[in-house]
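An overview of the molecular structure
Here's the letter readout for the chains.
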Amino acid sequence: TKVTPPSNSNARTLLVTMNVSSDLQGFNDVGSRFKETLPQKSGSPWLMLFPKDGGCVLYDPKEGKKIHRNLRDFPGSRILANSGNWLLLLDSGSNLVIIHVLSEKTIHLPSLESIRSKTSKIKRVGDRKFERDDSGCIFDELSSDVVRGLLWVDKSGSEYVVVWFFDLPGHAYISFCKKGDTHYTDIPLYYPDDHWLDGLSYMVLGRDRLYISTSRRYVKVLDLSGPQGFFKDITEGGKPFTMLSYHYWDSSLAVTTSGEVLLVDSNPCQRSCFHVYKYNPDVEDPYYASNTVLEVDSLGGEALLLDLGFTVPANDTLGLEPDSIYFTRHYRPCECSPRDLDICVFNLVTKTIKRFPGLDDMNLMDARWFLPGN
């Protein structure tokens, strides 16, 4: 199943849940050192490493270089997402900001309680607590501790899209805003006439396209472009399509450069092999079928950065390995509790896996693959 691909789909979405403190010693002249060290165009993938004692370390696996970053102006913050060199942070006051990791340019976003909805409203009941009144049904256990998010920013920082939600069972909304918006717009995660399509399992954000996998593995595509408050379901055929595999392991969505939606499975108990599937259009009754996908043994020469949710053109010379999956952790962005960290590159053709044991001594809380300069 194909949809209109987002433009410049390299390195769109990164999602991290972590605490950032200012106690990790960095470089004095951060800006100039980044300019000297980081490539300004897509090259080999780098890693964002997040030690448990705070801070952020950018790591080039190809050269073995490490660059420490403090983010000292935002102590106590959590990083929710990354788009290229931009970070989405939730600060200690439960406010969302976007910050450029090189220049520290900061973009302040609307408050979480600024959501506009026809049926509900959110109010702040403490520094980290919120309450939603949804047509008389009260959700009073909403906390900034369970806020998750996605981010897309263009290279200049002049345009951006932010998606966030409270990752709690039964909370049936996600919210988004774009550059110039004064408040967030609610997107309901329920269909009154068809509960098969309710809920949220996984999301991928690419510019003004939001790809959603529902609780029952149905996939729909939303267009977020247009004026404030606008969103539209643009799924091909007008109805969500199901992506079900026999394995039913931890599954992620990915979108290729041509706009094809893929399902990526791996065994959470033995992460030595990944399975990639595309939609099978020949299933007679996908609404009730237990398997609606076809397994593929290559990515057409592209590489998949699973933390981002998109494939990118491979380049052996630059170190971007074709038909490979760059992986760190299962089941983003919806994870009420963190999954085990496993930094690896899996080759889909040879079925071989490469890990990075040299990072084990860093006592990492999280890590994310990204393409610097995009």
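In what follows, the structure referred to is the one given above.
Residues numbered from 1 in each chain as written. Predicted model: local features only at pLDDT ≥ 70, side-chain atom pairs only at ≥ 80, totals over all residues. Heavy atoms only, no water.

1. Describing the overall build of the protein chain
Applied cut-off: In this text, helices come from DSSP runs of H or I with a minimum length of four residues, and strands from runs of E with a minimum of two, each type numbered from the N-terminal end. Exposure categories follow from relative accessible area, calculated using a 1.4 Å probe and restricted to protein chains: below 20% of the type maximum is buried, above 50% is exposed, and the middle band is partly exposed. Throughout, a residue-residue contact means that at least one pair of heavy atoms, one from each residue, lies within 4.5 Å. Each accessible area value is a Shrake-Rupley result obtained with a 1.4 Å probe; residue values ignore everything except the protein chains displayed when judging cover.
Check the secondary structure of the protein chain and you find one helix and 29 strands. For the protein chain, buried positions account for 57% of its 374 residues. Of the contacts made within the protein chain by residues no fewer than 6 positions apart, 55% connect residues no fewer than 24 positions apart. Surface exposure of the protein chain reaches about 15500 Å², of which carbon and sulfur atoms provide 48%.

2. Some thoughts on the packing of aromatic side chains
Short version of the rule: Stacked, edge-to-face and tilted are the three classes for Phe, Tyr and Trp ring pairs, Trp counted by its six-membered ring, which pair at centre distances within 6.5 Å; planes under 30 degrees apart are stacked, over 60 edge-to-face, the rest tilted. Comment: the charge-over-ring label is applied if NZ (Lys) or CZ (Arg) is within 6 Å of the ring centre and within 35 degrees of the ring normal.
According to the stated counting rule, one finds 11 aromatic pairs in the structure shown. An angle of 90° between the planes, with centres 6.4 Å apart, marks the rings of F176 and F231 as edge-to-face. Of this pair, F176 sits in strand β13 (residues 173-178) while F231 sits in the loop between β17 (218-223) and β18 (232-233), and the two are 55 residues apart along the sequence. Under the relative-accessibility criterion, F231 is labelled partly exposed at 30%. Through a chain of ring-to-ring contacts, three or more aromatic side chains come together here, namely F130, W164, F166 and Y184. Taking NZ or CZ as reference, R132 lies 4.2 Å from the ring centre of Y173, over its face.

Fair warning: the whole summary comes from geometry, so function is off the table for now.
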